[in-house]
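Coordinates in review
Below, each chain spelled out in residue letters.
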Amino acid sequence: MTLQDTNIDTHTESSRIRNQRLEKLEKIKSLGIDPYPYKFIRTHKAEELQVKYKDLANSQETDDTVTVCGRIHNERNDWMFIDLYDDSGKIQLYCDKENLDKKLVEFLPLLDKGDHIGAKGIIRRSPRGELSIKVSEVIVLSKSLLPLPEIIEGKKRHLGIHDIETRYRQRYLDLIVNPIPKETLKKRAKITSEIRNYLDEKGFLEIDTPVLQVEAGGAEARPFVTHHNALNIDLYLRIATELHLKRLIVGGFEKVYEIGRIFRNEGISTKHNPEFTSIELYEAYSDYNDMMDLTENLVKYICQKVNGKLQIEYQGKIIDFEKPWKRIPMLDIIKEHAKIDFSKCLHNPEEASKLAINAGVKLECRGAPMVCPDCGIIIAKVFEERVEAKLIQPTFIIDYPLEISPLAKKHRSIPGLVERFELFINGWEIANSFSELTDPLDQRKRLEEQAKKKAAGDHEAHPLDLDFLTALEYGMPPTGGLGIGIDRLVMLLTNSASIRDVIAFPTMKPL
RNA sequence: GCGCUAGUAGCUCAGGGGUAGAGCACUCGGCUUUUAACCGAUUGGUCGCGCGUUCGAUUCGCGCCUGGCGCACCA
């Protein structure tokens, strides 16, 4: 049900319920009570009380007066018992009507499930063992007009939503009634804050770079376009933070990072949201080997901090972060899984495509045959098709073909390859890293190649960022760079099946 | 973008070419130390939207909308 329904259609069941609550609201106001007051001071949260009084015996009553506040989730015995929830948990309120102020007894039926209330009373444990507050005062803190969704599981009725669409579209409802989304988002916050702790400790500086850009570079992806009215120019939403962070290295910062939202104008799936969060970091005087160590240590640190252990279960699969992570050259692992040896034909696309086709890999892009693919693209295709899904345990794939890595430095000993790695876990690419290309002339050449592709209609080719090339010409120190997809890492560490579960408000088509 | 699948009361779901069903919620009454409180009664629907077939469509057909899953693209 949407608010529109309640506003426009006065004949639905939901509007009938809303009207009943509006009548209660009016009655509350007519008693001189503000149903939406400004502030409430509580002495305890629910969980604090549960801990503090865990040893209180059944039927025991204390002299301790406390105040609590939260949302009513359930009520029993005609408002004799109220289940009150705050963000720490539940506490039961007990309204002993025989000994309660008559005004309060009359006021209680004006409440509804979903209302926020504040209550004052003494702590007791009921004869059946439920810690309760025997209330002397109850005030409304926010009158709720719409009913919260409830579900019945077996014999238990409780707040909840089954409908997945409602959960994502009205996430506030999901968060009110389901414990898991709240836990997942808490863990996500923990993950990003621990990443910051880890990097800040190591002397990295977090710097924000522009989201609105004249050219969206640093990755292969289609950008979103927007318009700046005063300048009367189209701008792109960034698809990576790479090129600006590298400018900061040129500028003299030696360790920088950014945790930021990036935007890619692509399809939506359980693993893709149009806006997602990456962390990119750059460290001067380092190479991709250093980045591999950093990645492994960082992810292990995060996993330990968030889950308290290094073995996790993801959708039925055990993933072990503890053992040293494998580091395998891309060509070797292709040889292992696809029985193709590309090492002798890194400069011979005809031979490479013959090997791929013989092995049964279709060289197609969007269903159409590839036009003159170069070696790098062929190798990447074979890798994606034959290897990627098998990389369940954390694995570094190292030394990528040059053509698919226009921002990475050429391999120091193997012609045709670059110093690049990607980290795979559960068959997903989690991280991407290079010994950053710092040679301004080589970089210019490679971006000009990309520009040609772009001109030929490849929407995802890298644009030519002339200022970035100028920056490199002033001199960039040897630098290791790393990018990690935060959302997928959070999915793994929270056992979430869909990226929508780790994003508070995932992109949905409007109704 | 393609394929499969779903949409019926506030919630969870059943049904099926002939007046639209259940449980829970809501409202009312009873009861009063409950935790699914309990007992009773009432209320509640454009069966996602549109077109077609039909005497008659919520049901059958086609199209559309929205979601889910898978594929493709990608991270």
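The structure we're discussing is the one just above.
Residues numbered from 1 in each chain as written. Chains lettered and ligands numbered in written order. Predicted model: local features only at pLDDT ≥ 70, side-chain atom pairs only at ≥ 80, totals over all residues. Heavy atoms only, no water.

Along the chain, histidine 411 falls in the loop between strand 19 (395–401) and strand 20 (417–425). With relative accessibility at 13%, the residue histidine 411 sits in the buried group. Sequence spacing of histidine 411 and aspartate 234 is 177 residues, and the spatial spacing of their C-alpha atoms is 38 Å. If we ignore the near neighbours within four places in the chain, the residues touching histidine 411 are Tyr288, Asp399, Leu417, Val418 and Glu419. (Helix = DSSP H or I, 4+ residues; strand = E, 2+ residues; numbered from the N terminus. Buried < 20%, exposed > 50% of the residue type's maximum accessible area, 1.4 Å probe, protein only. Contact = heavy atoms within 4.5 Å.)

Within the structure, RNA strand B sits among 52 residues, and Tyr94, Arg128, Glu150, Arg157 and His272 are positioned closest to it. Interatomic distance of 2.7 Å between a side-chain N/O atom of serine 126 and a base oxygen of RNA strand B. Within the side chain of arginine 169, one N or O atom sits 2.7 Å away from a sugar or linking oxygen of RNA strand B. Per-element accounting of the surface near RNA strand B gives the leading share, five residues, to helix 2 (residues 13–30). (Near = heavy atom within 4 Å. Polar contact = N/O pair within 3.5 Å; in protein donor to acceptor, adjacent residues only side chain to side chain.)

Moving on, we come to the packing of helix 7 (residues 179–201) against helix 9 (residues 288–307). Where helix 7 contacts helix 9, the two axes come as close as 10 Å, and the packing angle between them is 135°. Comparing their axes, helix 9 and helix 7 come out oblique. For the element pair helix 7 and helix 9, the recorded crossing hand is right-handed. Only Leu294, Asn297, Leu298, Tyr301, Ile302, Lys305, Val306 and Asn307 of helix 9 make contact with helix 7, whose side of the interface consists of Lys187, Lys190, Ile191, Glu194, Ile195, Asn197, Tyr198 and Leu199. When its residues are assigned to classes, the contact of helix 7 with helix 9 shows nine nonpolar, three polar and four charged. (Axes fitted to C-alpha atoms, helices over the stretch in contact; angles between N-to-C directions. Parallel < 35°, antiparallel > 145°, perpendicular 65-115°, else oblique. Left-handed = near helix turned anticlockwise from the far one by under 90°. Nonpolar A, V, L, I, M, F, W, Y, C, P; charged D, E, K, R; others polar.)

Our next topic: helix 13 (residues 440–455). For helix 13, spanning 16 residues, the distance from its first C-alpha to its last is 22 Å, which sits close to the expected 22 Å at 1.5 Å a residue. At its buried positions, helix 13 is contacted by strand 20 and helix 14 (466–473). Of the residues flanking the start of helix 13, the one acting as N-cap is aspartate 439, its side-chain oxygen 2.9 Å from the backbone nitrogen of leucine 441. Phi for glycine 457, located one or two positions after helix 13, is positive at around 110°. (Expected span 1.5 Å × (residues − 1).)

Spatially, 1-2-3-5-4 is the arrangement adopted by the five strands of the closed barrel, whose pairing is mixed. Geometrically, the sheet is characterised by an average inter-axis angle of 50° between neighbouring strands, direction not taken into account. As paired strands, strand 3 (residues 89–94) and strand 5 (residues 131–142) are joined by three bridges and run parallel to one another. Among the inter-strand pairings, tyrosine 94 is bridged to a residue of strand 5, identified as lysine 134. (Pairing = 2+ DSSP bridges.)

The next subject is the sheet that holds strand 22 (residues 479–485). With respect to topology, eight strands assemble into an open sheet ordered 8-12-13-22-21-20-19-16, the strand pairing being mixed. Here the strands that pair on one side only, and so sit at the sheet edges, are strand 8 (205–206) and strand 16 (326–329). As judged from the seven bridges shared by strand 13 (residues 275–284) and strand 22, these two strands associate in the antiparallel manner. Across the sheet, the residue bridging to alanine 284 is threonine 479, located in strand 22. Against the sheet, helix 7 contacts strand 8, strand 12 (255–263) and strand 13, and its axis sits at roughly 155° relative to strand 12.

Below, the discussion takes up the packing of aromatic side chains. On inspection of all chains with the given rule, the structure shows seven aromatic pairs. Here the aromatic rings of tryptophan 325 and phenylalanine 396 are separated by 5.7 Å at their centres, their planes lie at 40°, and the arrangement is tilted. Placement of the pair is tryptophan 325 in the loop between strand 15 (317–320) and strand 16 and phenylalanine 396 in strand 19, with a sequence separation of 71 residues. Its relative accessible area of 5% is what places tryptophan 325 among the buried residues. With relative accessibility at 0%, the residue phenylalanine 396 sits in the buried group. An aromatic cluster of at least three residues, connected via ring pairs, comprises Phe321, Trp325, Phe396 and Phe421. Over the ring of tyrosine 400 we find arginine 420; its NZ or CZ atom is 4.7 Å from the centre of that ring. (Phe/Tyr/Trp six-rings, centres within 6.5 Å; stacked < 30°, edge-to-face > 60°. Lys NZ or Arg CZ within 6 Å of the ring centre and 35° of its normal.)

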